[in-house]
Amino acid sequence: MTEPIYKRVVLKLSGEALAGDKGHGIDIGMVTKISNEVKKLQQLGVEIAIVVGGGNFWRGRSTEDMDRATSDYMGMLGTVINALALQDSLEKIDVITRVQTAIEMRQIAEPYIRRRAIRHLEKGRVVIFAAGSGNPYFSTDTAAALRAAEIEAEVILLAKKGVDGVYDSDPYINSSAKKFNTLRYIDILNMGLGIMDSTATSLCMDNRIPLIIFGIDKPNNIVDVVLGKKIGTYVKEE
Ligand code: UDP
């Protein structure tokens, strides 16, 4: 397994993944580790678009004492901080990147333009999508599904911190929790598995975008998953 099985991928990095063991804010060591893996993927000729989460700073649903839309916009701004940290880290190791934001902030990033994003990918640049979908009431998982559909990515790689796939119950609470090797989108919806919200799952289901949910803690997992190694949980139609 030395050849990548995908040509174009969307890598979804949750905010937690960038926070490392600190659980909050940014762990530069962790960002560097992820960047090194992204570089390896790029050297294999894989086109990589990254959608960053923002839960390490703020989630819209963190409080009920605020207007929800305002709170969600705060969450989206958190993803931009993460995107810039990732960009800096990737460019330090000579990976050319472009950040595109779903909310315009021209002084620091390009606005999201689909055709331009595709052009960057074709030129081998890593595109980092920030500010989610630009709309409150959505998640960055939904943004990942949306962008994957738009740029015709073959798969979404959902890199998670602290878990290595999808389980039928919380493995931290239930020691006999069973890990799924494969799942259908509908199973996630029917079983109410918390791995992805229903909007994101439905979007993947309707557009038949396969998902691989895997742990980011194990070194080289991002590369291994693209080389076709059976890690994590594979979600598709059948
Ligand atoms: N968010 C939003 N619209 C989007 C994407 C994100 O309003 O299209 C907000 C929402 O408040 C969310 C926060 O940004 O809670 C951070 O994103 P998310 O929770 O998906 O980050 P992750 O869990 O992946 O770190």
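Scroll up a little and you will see the structure.
Residues numbered from 1 in each chain as written. Predicted model: local features only at pLDDT ≥ 70, side-chain atom pairs only at ≥ 80, totals over all residues. Heavy atoms only, no water.

Which parts of the structure should I look at to understand the packing of helix α5 (residues 140-151) against helix α7 (residues 198-206)?
The relative placement of two packed helices comes down to the angle between their axes together with the axis-to-axis distance. Running from amino to carboxyl end, α5 crosses α7 at an angle of 15°, the nearest separation of the two axes being 8 Å. Classified by the angle their axes make, α5 and α7 are roughly parallel. Considering only the axes of α5 and α7, their crossing is left-handed. Between α5 and α7, the contacting residues are Asp141, Thr142, Ala145 and Leu146 on the first element and Thr199, Ala200, Leu203 and Cys204 on the second. Among the residues forming the contact of α5 with α7, the class breakdown is 5 nonpolar, 2 polar and 1 charged. (Axes fitted to C-alpha atoms, helices over the stretch in contact; angles between N-to-C directions. Helix = DSSP H or I, 4+ residues; strand = E, 2+ residues; numbered from the N terminus. Parallel < 35°, antiparallel > 145°, perpendicular 65-115°, else oblique. Left-handed = near helix turned anticlockwise from the far one by under 90°. Contact = heavy atoms within 4.5 Å. Nonpolar A, V, L, I, M, F, W, Y, C, P; charged D, E, K, R; others polar.)

What should I look at first to understand the side chain of lysine 161 in this one?
By the element assignment, lysine 161 lies in the loop between β6 (155-160) and β7 (166-167). At a separation of 3.2 Å, a polar atom in the side chain of lysine 161 contacts the side chain of aspartate 21. In this view, lysine 161 contacts Glu16, Ala17, Gly20, Asp21, Ile216 and Asp217; residues no more than four positions away in its chain are not counted. (Polar contact = N/O pair within 3.5 Å; in protein donor to acceptor, adjacent residues only side chain to side chain.)

Looking at this model, I keep getting lost on α5. Mind explaining?
Working note: α-helix, 3.6 residues per turn, so residues spaced by three or four point in the same direction. Here α5 contains 12 residues, and its C-alpha end-to-end distance of 16 Å stays within 8% of the 16 Å for a straight helix at 1.5 Å per residue. Three or more residues of α5 are buried, namely Thr140, Asp141, Thr142, Ala143, Ala144, Ala145, Arg147, Ala148 and Ile151. (Expected span 1.5 Å × (residues − 1). Buried < 20%, exposed > 50% of the residue type's maximum accessible area, 1.4 Å probe, protein only.)

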